[in-house]
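Here is how the chains run, residue by residue.
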Amino acid sequence: MLRSFWRMEQQPLFILQRHKESSYLLAEICAKKGQRGLVGKVVADDPEQNPEYYRDQDSQTALAETEEFILAVKELAKQRNRACILS
């Protein structure tokens, strides 16, 4: 009983970099392996806070890529019959 309780309570949080492709790939891997967890994507559009090599092109691009990521993860959840919670 304790073993199954512990298994149900484990829920890691994965937040990758700003690249939606690598974040989505991690969501796919988690889904295939049955790993329960939260997968996120970083938005790095502020030129004062993020170096040029890491920064999103601009706010509009960051927002568009984040929306694409969310829709792709929701579709993945439908395909796998799993709930998807995004915050």
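Quick look at the structure, then. Remember, predicted model here, so these are calculated numbers, not experimental data.

### Let's talk about the nonpolar core
Counting 8 residues, the largest nonpolar core is built from Leu26, Ala27, Cys30, Ala31, Val39, Phe69, Val73 and Leu76. For this core, the elements supplying multiple residues, two or more each, are α2 (20-33) and α3 (59-79). The element that contributes the greatest number of residues to this core is α2, accounting for 4 residues. The residues contacting Ala27, other than those within four sequence positions of it, are Val39, Val73 and Leu76.

### Brief notes about the side chain of Thr66
Here Thr66 is to be found in helix α3. Exposure remark for Thr66: the relative accessible area of 18% places this residue in the buried category. In this structure, Thr66 is in contact with Lys41 and Val43, ignoring residues within four places of it in sequence.

### Some thoughts on α3
With 21 residues, α3 should cover 30 Å at 1.5 Å per step; its first-to-last C-alpha distance of 30 Å lies within 8% of that length. Within α3, the full set of buried residues consists of Ala62, Thr66, Phe69, Val73, Leu76 and Ala77. Projected down its long axis, α3 carries its buried residues within an arc of 100°, all on one side. Exposed side of α3, more than 90 degrees from the buried face: Gln60, Leu63, Leu71, Lys78 and Gln79 are the residues found there. Of the surrounding elements, those touching the buried residues of α3 are α2 and β2 (38-40). Two or three places before Gln60, at the opening of α3, Asp58 has a side-chain oxygen 3.2 Å from that residue's backbone nitrogen.

Definitions and limits used
Residues numbered from 1 in each chain as written. Predicted model: local features only at pLDDT ≥ 70, side-chain atom pairs only at ≥ 80, totals over all residues. Heavy atoms only, no water. Core = buried A, V, L, I, M, F, W, Y, C linked by side-chain atoms within 4.5 Å. Buried < 20%, exposed > 50% of the residue type's maximum accessible area, 1.4 Å probe, protein only. Helix = DSSP H or I, 4+ residues; strand = E, 2+ residues; numbered from the N terminus. Contact = heavy atoms within 4.5 Å. Expected span 1.5 Å × (residues − 1). Arc of directions from axis to C-beta. Polar contact = N/O pair within 3.5 Å; in protein donor to acceptor, adjacent residues only side chain to side chain.

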